[in-house]
Amino acid sequence: MGKERRNGVEPLPISYSRMSQTRLVLPPDTNHMDTIFGGKVLAYIDEIAALTAMKHSGNVVVTASIDSVDFISSAQVGDALTLEAIVTSTGRTSMEVYVKVFADNLLLGKKVLTTESFLSMLAVDRDRNPTEVPGVIPETEEECRLYETANSRKELRKNRMRLK
């Protein structure tokens, strides 16, 4: 599962790409209900997905698509917003990145999942041409589930592109 060599490059464990960021939700980041703007969360998601894909590929990346964003709950002023991301699968030059966002009320000790998202990132060389990326090796139960379901998300992405 995911162990094929590409261009002489060994695949990397999914855990190699894992990154996290924590940000404080401040009043300018929020709407009239004191909850964070969805667009602000999307910007954070795009940023960590790019960093995660760059770490995995060792190349500059561009966002090819934001395939899904599910806003599950909201974050409020004063919450610590923690983003966690991993590369869940790869194509020849593309990577699927899974991002989870948690809101943590540090004063109450309450942490909740607020957002889940899948993005497709494309690795490019200095001339902005697509470049090959290493495969991935899932290790945990969650990583295996995400890896095994990646092809169905890829098909959905392809079908969506055909509608245009």
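Report on the accompanying structure. Here the structure is a predicted model, which is why all the values come from computation and not from measurement.

If you look at the biggest cluster of nonpolar residues, it comprises 30 residues, and the most contacted ones within it are Leu81, Val97, Val99 and Met121. Contributions of two or more residues to this core are made by α2 (38-57), β4 (80-90), β5 (94-105) and β6 (110-124). In terms of residue count, the dominant contributor to this core is α2 (seven residues). Once residues lying within four places of it in the same chain are set aside, the contact partners of Val99 are Ile45, Ile48, Ala49, Leu83, Glu84, Ala85, Thr115, Glu116, Ser117 and Leu119.

With antiparallel pairing, five strands are arranged side by side in an open sheet as β2-β4-β5-β6-β3. Every interior strand has two partners, whereas the edge strands, β2 (19-24) and β3 (60-71), have only one. Averaged over all adjacent pairs, the angle separating strand axes in this sheet is 25°, with direction ignored. As defined by bridge partners, β3 adjoins β6 across ten bridges and the pair is classed as antiparallel. Bridge pairing in β6 places Ser65 opposite Ser120. Taken strand by strand, helix α4 (residues 150-162) contacts β3, β4, β5 and β6, and its axis lies near 95° from that of β3.

Turning next to the environment of Ser89. One can find Ser89 in strand β4. Counting along the chain gives 69 residues from Ser89 to Ser20, while the straight-line C-alpha distance between them is 18 Å. Setting aside its immediate chain neighbours within four residues, Ser89 contacts Ser94, Met95, Glu96, Val136, Tyr147 and Ala150.

With that settled, the discussion passes to the packing of aromatic side chains. By the definition in use, this model includes one aromatic pair. Between Lys111 and the ring centre of Phe102, over which it is positioned, the NZ or CZ distance is 4.8 Å.

Between the first and last C-alpha of α4 there are 19 Å, a value that for 13 residues agrees with the 18 Å anticipated at 1.5 Å per step. Residues of α4 that are buried include every one of Ala150, Arg153 and Arg157, and no others. Each buried residue of α4 sits inside an arc of 65° when the element is viewed along its axis, so together they form one side. Turned more than 90 degrees from where α4 packs its buried face, Asn151, Leu156 and Arg162 sit exposed. On its buried face, α4 is in contact with β3, β4, β5, β6 and α3 (141-148).

Using the criterion set out here, one finds seven salt bridges in the structure. Between Glu143 and Arg18 there is a salt bridge; the shortest N-O distance is 3.1 Å. With Glu143 in helix α3 and Arg18 in the loop between α1 (14-17) and β2, this pair connects stretches of sequence that are 125 residues apart. For Glu143, a relative accessible area of 1% puts it in the buried group. A salt bridge links Asp29 to Lys40, with the shortest nitrogen-to-oxygen separation between them at 3.5 Å. Taken as a pair, Asp29 in the loop between β2 and α2 and Lys40 in helix α2 lie far apart in primary sequence, eleven residues in all. Residue classification places Lys40 among the partly exposed positions, given a relative accessible area of 32%.

Here the focus is α2. Taking 1.5 Å as the rise per residue, α2 with 20 residues should run 28 Å; its terminal C-alpha atoms sit 28 Å apart, in good agreement. Among the residues making up α2, those that are buried are Val41, Tyr44, Ile45, Ile48, Ala49, Ala50, Thr52, Ala53, His56 and Ser57. Backbone geometry just after α2 places Gly58 at a positive phi near 70°.

Criteria and cut-off values
- Residues numbered from 1 in each chain as written.
- Predicted model: local features only at pLDDT ≥ 70, side-chain atom pairs only at ≥ 80, totals over all residues.
- Heavy atoms only, no water.
- Core = buried A, V, L, I, M, F, W, Y, C linked by side-chain atoms within 4.5 Å.
- Buried < 20%, exposed > 50% of the residue type's maximum accessible area, 1.4 Å probe, protein only.
- Helix = DSSP H or I, 4+ residues; strand = E, 2+ residues; numbered from the N terminus.
- Contact = heavy atoms within 4.5 Å.
- Pairing = 2+ DSSP bridges.
- Axes fitted to C-alpha atoms, helices over the stretch in contact; angles between N-to-C directions.
- Phe/Tyr/Trp six-rings, centres within 6.5 Å; stacked < 30°, edge-to-face > 60°.
- Lys NZ or Arg CZ within 6 Å of the ring centre and 35° of its normal.
- Expected span 1.5 Å × (residues − 1).
- Arc of directions from axis to C-beta.
- Salt bridge = Lys/Arg side-chain N within 4 Å of Asp/Glu carboxyl O.

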